[in-house]
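Take a look at the letters that make up each chain.
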Amino acid sequence: MTAQRTITDEIGEIGVWLMGEFGGRLPANVISRVLNASKRDLEGRIDPEELGEMFHTLCRFRLQRILAADERITVKIPDARLS
């Protein structure tokens, strides 16, 4: 029981840290969805001792991928000079 509580606390702390890191660049609801999906994807598949590190790595990768996709989608129109 104590180990499960520690894992839950660690995941919560990682979520807060990632919200702080990505909060200015992505909407909170997107970050929250990534955190929840990552937790679901890992629960029961990863050794509890490794869950925190894997959770952090997976969430950070997914959030960085979203940011990279946004940058590729952004269309930049160069200044056109009219003669």
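Please refer to the structure higher up on the page.
These notes cover the structure that comes with them. Keep in mind that what you see is a predicted model, and the values were worked out from it rather than measured.

## Quick word on the overall build of the chain
Working step 1: When helices and strands are tallied, the chain shows 3 helices and 0 strands.
Working step 2: Mapped from its N terminus to its C terminus, the chain presents α and β elements in the order α-α-α.
Working step 3: By the burial criterion, 25% of the 83 residues in the chain qualify as buried.
Working step 4: Excluding contacts between residues fewer than 6 apart, the proportion of contacts in the chain whose partners are at least 24 apart in sequence is 67%.
Working step 5: Within the structure as shown, the chain displays about 6,500 Å² of accessible surface, and the carbon and sulfur contribution to it stands at 55%.

## Here we look at helix α2 (residues 28-42)
Working step 1: Along its 15 residues, α2 runs 21 Å from first to last C-alpha, staying within 8% of the 21 Å computed at 1.5 Å per residue.
Working step 2: Here α2 has its buried residues at V30, I31, V34, L35, S38 and L42. The arc enclosing the buried residues of α2, seen along the axis, measures out at 135 degrees, which places them on a common side. For α2, exposure combined with an orientation more than 90 degrees from the buried face picks out R33 and R40.
Working step 3: Among the residues trailing α2, G44 stands out with phi positive, at a value near 80 degrees.

The rules behind the values
- Residues numbered from 1 in each chain as written.
- Predicted model: local features only at pLDDT ≥ 70, side-chain atom pairs only at ≥ 80, totals over all residues.
- Heavy atoms only, no water.
- Helix = DSSP H or I, 4+ residues; strand = E, 2+ residues; numbered from the N terminus.
- Buried < 20%, exposed > 50% of the residue type's maximum accessible area, 1.4 Å probe, protein only.
- Contact = heavy atoms within 4.5 Å.
- Areas by Shrake-Rupley, 256 points an atom, 1.4 Å probe, with all protein chains shown as cover.
- Expected span 1.5 Å × (residues − 1).
- Arc of directions from axis to C-beta.

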